[in-house]
Structure formats: C-alpha cells, structure tokens
Amino acid sequence: MTKSALYLLLFSICFSGGYIASANRCSEQTLLSGDAPIVSYGIDTTRHWWAITQPFSSGFRLIVDGKESDVFQKILYPVFSPNGDGWAAFALGNTGQWFLLQKDTILALNCSAVGDIYFGQSGAFAYTYEQGANELFVFNGTERRTIGRTSEIIIDCDGYKFAYSARRGDGEVIVGNDGESELFDRVRPIGIWYGGKTMFIAEYGGQSRLYKGTEPISRTFDNIADAVMNNECTAVAIAGYTKSGAVVQLYSDEYYEPLESRMYEAVSSLVIHPNKPMYACIAQYNSALTVVFNGTEYDAGRECGKPFFTHNGAELIFAGADQQYFFTVNGKRYIQPAAIDINREYAVKPGGGTFAYGSSNGLVERDMQKNMAYSGLMVDEATSPRYNWRNGHYEALGRINQRLYLLACE
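The sections below set out a description of the structure shown in this document. (Residues numbered from 1 in each chain as written. Predicted model: local features only at pLDDT ≥ 70, side-chain atom pairs only at ≥ 80, totals over all residues. Heavy atoms only, no water.)

Some details on the overall build of the protein
A tally of helices and strands in the protein yields 1 helix and 43 strands. Taking 410 residues into account, the globule formula puts the C-alpha radius of gyration at 22 Å, and the protein, at 24 Å, falls close to it. Reported as C-alpha extents along the three principal axes, the dimensions of the protein are approximately 70 × 65 × 30 Å. Within the protein, the fraction of its 410 residues that count as buried is 51%. (Helix = DSSP H or I, 4+ residues; strand = E, 2+ residues; numbered from the N terminus. Rg over C-alpha atoms; globule rule 2.2 N^0.38 Å. Buried < 20%, exposed > 50% of the residue type's maximum accessible area, 1.4 Å probe, protein only.)

What about the sheet that holds strand β17 (residues 171-176)?
The strand order across the open sheet built from 4 strands is β15-β16-β17-β18, with neighbouring strands paired in antiparallel fashion. Strands at the two margins of the open sheet, each flanked by one partner only, are β15 (154-155) and β18 (179-180). Sheet topology places β15 next to strand β16 (residues 162-168); 2 bridges connect them, and they run antiparallel. Across the sheet, the residue bridging to I154 is A163, located in β16. (Pairing = 2+ DSSP bridges.)

With respect to the state of the cysteines
Counted by the stated rule, this structure contains 2 disulfides. Paired through a disulfide, C26 and C409 show a sulfur-sulfur distance of 2.1 Å. Its S-S torsion of approximately 105° makes the covalent link between C26 and C409 right-handed. Of the two residues, C26 is situated in strand β1 (residues 26-32) and C409 in strand β43 (residues 403-409); the sequence distance between them amounts to 383 residues. Assigned by exposure class, C26 and C409 land together as buried. Counting only the cysteines that form disulfides, in the order they appear in the protein, gives the pairing 1-4, 2-3. With no disulfide partner, C304 has as its closest neighbouring cysteine sulfur the one in C281, 10 Å distant. (Disulfide = S-S within 2.5 Å.)

Notes on the environment of A338
Considering the arrangement of structural elements, one finds A338 in the loop between β35 (332-336) and β36 (347-348). When its relative accessible area of 25% is taken as the criterion, A338 is described as partly exposed.

Observations regarding the sheet that holds strand β19 (residues 186-192)
Taken together, 4 strands build an open sheet; the order of strands is β19-β20-β21-β22 and the sheet is antiparallel. Either end of the sheet is taken by a strand with one partner, and the two such strands are β19 and β22 (215-216). Where strand β20 (residues 198-204) lies against strand β21 (residues 207-212), 6 bridges are found, and the strand directions are antiparallel. For A202, the partnering residue across the bridge sits in β21 and is R209.

Some points on the pattern of salt bridges
Counted by the stated rule, this structure contains 19 salt bridges. Among the salt bridges present, the one from R149 reaches E135, with a minimum N-O distance of 2.8 Å. Linking R149 in the loop between β14 (142-146) and β15 with E135 in strand β13 (residues 134-139), this pair joins segments that are 14 residues apart in sequence. (Salt bridge = Lys/Arg side-chain N within 4 Å of Asp/Glu carboxyl O.)

Side note on the pairing of strand β8 (residues 87-92)
Extensive coverage of β8 is indicated by the burial of 6 of its 6 residues. Residues W87, A89 and A91 line one face of β8 and the alternating positions A88, F90 and L92 line the opposite face, and both faces are buried. As judged from the 2 bridges shared by strand β6 (residues 74-75) and β8, these two strands associate in the antiparallel manner. Across the sheet, residue K74 finds its bridge partner in β8, namely L92. Here strand β7 (residues 79-80) runs beside β8; their pairing, made up of 2 bridges, is antiparallel. Bridge pairing links F80 to W87 in β8.

So this is what it looks like as structure tokens:
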C-alpha cells in the first residue's frame, strides 16, 4: 500500500459515520522541501503564502510565494495588502539596523525600534518606528511624528488620507491629514468615508455618538459597543446601547436616514457586507438568539457562531446548533450529519454548497447537503483555509516535519 493510499484509508476510518473521503478532488504542492527548519508560516486572504525559515543558528529568511529574502538576525511576520498587490515586513540585520522588506525593495531604516505596518484597501500603507523616545510613521513618502497615539493608523480607500486616535491630557482626539478633532473623553476611529472624512465613535460625559468629520450623525447612546465599515468606505454599521436595549444602525448614501433595527436585549458579532449597505449580527430577543440581516431575522438555534459574508458578499453564512448542527446560507438551513465546531473559521465557495476547514490532519472539504467529506495529504498541522476565487480552490498550508505543502481542494 502506498503512503498516499494509507493516508486516505486512515482518513476514511475517521469519517466512518457514512462519510466518504476522497483524494480525487484534493491535491498538494510542495513549497519547501525541508532544507531549513520552519519557524512560522501562513497564508493571507488573497493568493499569497509565506514562511520564515532558520537556515543558520542565528539567521532567518523570509520566503513569500517562493521568493527568498536575504538572511537576517530577526524577521517579523509579513503584513499583506487587502487587495493582494503588496506586502511588507520588518527585518533586523546583523549590525543591528532595521530594514523594511517589500515585494521588490529593501529599505534601510534609521530607528531604534520598529512598530507596526498598516495597509489600506488600495494597497497604500503606513509604517511606524521609534527614534529614541519619539514614534514616527511614514505614509506616502512623508515622515510624521506621533504624540500619544492610542489606536491603529487607518488609511482611506483611495490611499491619500490617514487617521488615528491620540491622548491629549485627560481626553483623546482624532488626528488626520488636516489636524486634530475637538477633545473628547475617548474616541475610536472606524474608517475614512469615501469623501475623506473620518468616521469615529466619540464618548463624552458617559454618552456615545457616531461622528463623520466634525459632525455628529447618530443619536446619543449610552454606549456604542461595535462599529464596522465596508471595503469600499461607503457604509458603516454600529451597535448602540441605551437603557432600553440595543439597536443596529446602518449609514449609507442610499438611505436618507439611518436604517435602524428594532430593539434587542443585546447585539454582538456585527459584520458588514464587503461592498453593499448591508449588515448582519447576532441578537438576543426574549432570551432567544437570532441572526439579523438588514432587519430580516433568522433562527440561530441554541448556539450560534459569528455570521460572515463570502468574499463577494453573495452569501451570508453562520453555523449553529440546537438539537442538530447546521449551516444557514442566505436563510436556508442545512442540517449537518456530524458535529461541527460552530466557532471554527470556515471558508465557503459562493454557490458551491461546500465548506472547508483546517484540521489537525490537513485541509478538509465537506458538502453541506451530502454525507461526504474530502481531504488529500495528511499532515502534522494545517492552517485555517481560504477560498481562492482566482482559481476556484480551497487552500491551506500543511506541514510534515520541515516540509511545507500547499493543500488544495476543488
């Protein structure tokens, strides 16, 4: 019996409750052959993979999509652009100098320590570092000094504007290209609206409101627990609490006034459609759980995982459990014949009727309606998967000893 056949047999035994494991629709590609120990590895949400190897006892190398960097004393995890066009990582040279590694360039930094890397939807990015007691950040070729920064740096969808929150005395302000906002007790930046104004939550005197630039645009809440902006910077959803309960408000130019849900006892796991003014969340009403999709309510069962949209927004999906485990896709429930982890990170192909996840043995694809599962090479460990819409495959990385594989299922 071949090694692959043995793996297939073992996997089939694991799914003895009627599941058929098949390697026919799954494959693997060797990425790293084990010439150097693997320190860490991962895939981004688009089309890239990366690994940090240790070819020498005190030397590390970053590999992105098969392209190797020089050897450095230390390399931090790479950060990828949401649109998949670029990436960046910090690396420490043997002389103690820090470098910024990018797809096609290496930039030497004049700093005592490095900070963080932030990408916007367009691929524009900012990075921070320290010079003595000062923190500086570079954005669009300009170096700026930050004072009391308390949040991540947010970049607008066009790649021209930035925003972050900063401490000023006993309060906080929003800092952007045009200066600072008025002083509040606390501010939380959400994103930058497509017209260039920063959307943020401002807390003052025990109350919270949503601001767009200098203008408050929401009513007053006791607390705004969550807020999200879509990928095109054209819609924002907030979960606001009053003494009466919680509501979700959706802001978009398509609505003359905010779209507001009914009152719930609690709202959590707020998500927004990638490019349309639509939201989803888990809500509690009369002590029962429901998933709300732009005002439409779906039964969430006794337990419910966080809802999510597919990459193109075509499907809203969540996993749940009551007497049985299930997936709900655009309101239609699919009972699962075997137990599932409702809080696991799943990948879903829109319209495909399947889902995938990374197990301790590899990449697993399961059919939502049929009692079938598919998997290929068994590995020591695997990453959470992605759905790669460019080639129509579920993909994950798997490791066997010091060998790294790209695992794929159709």
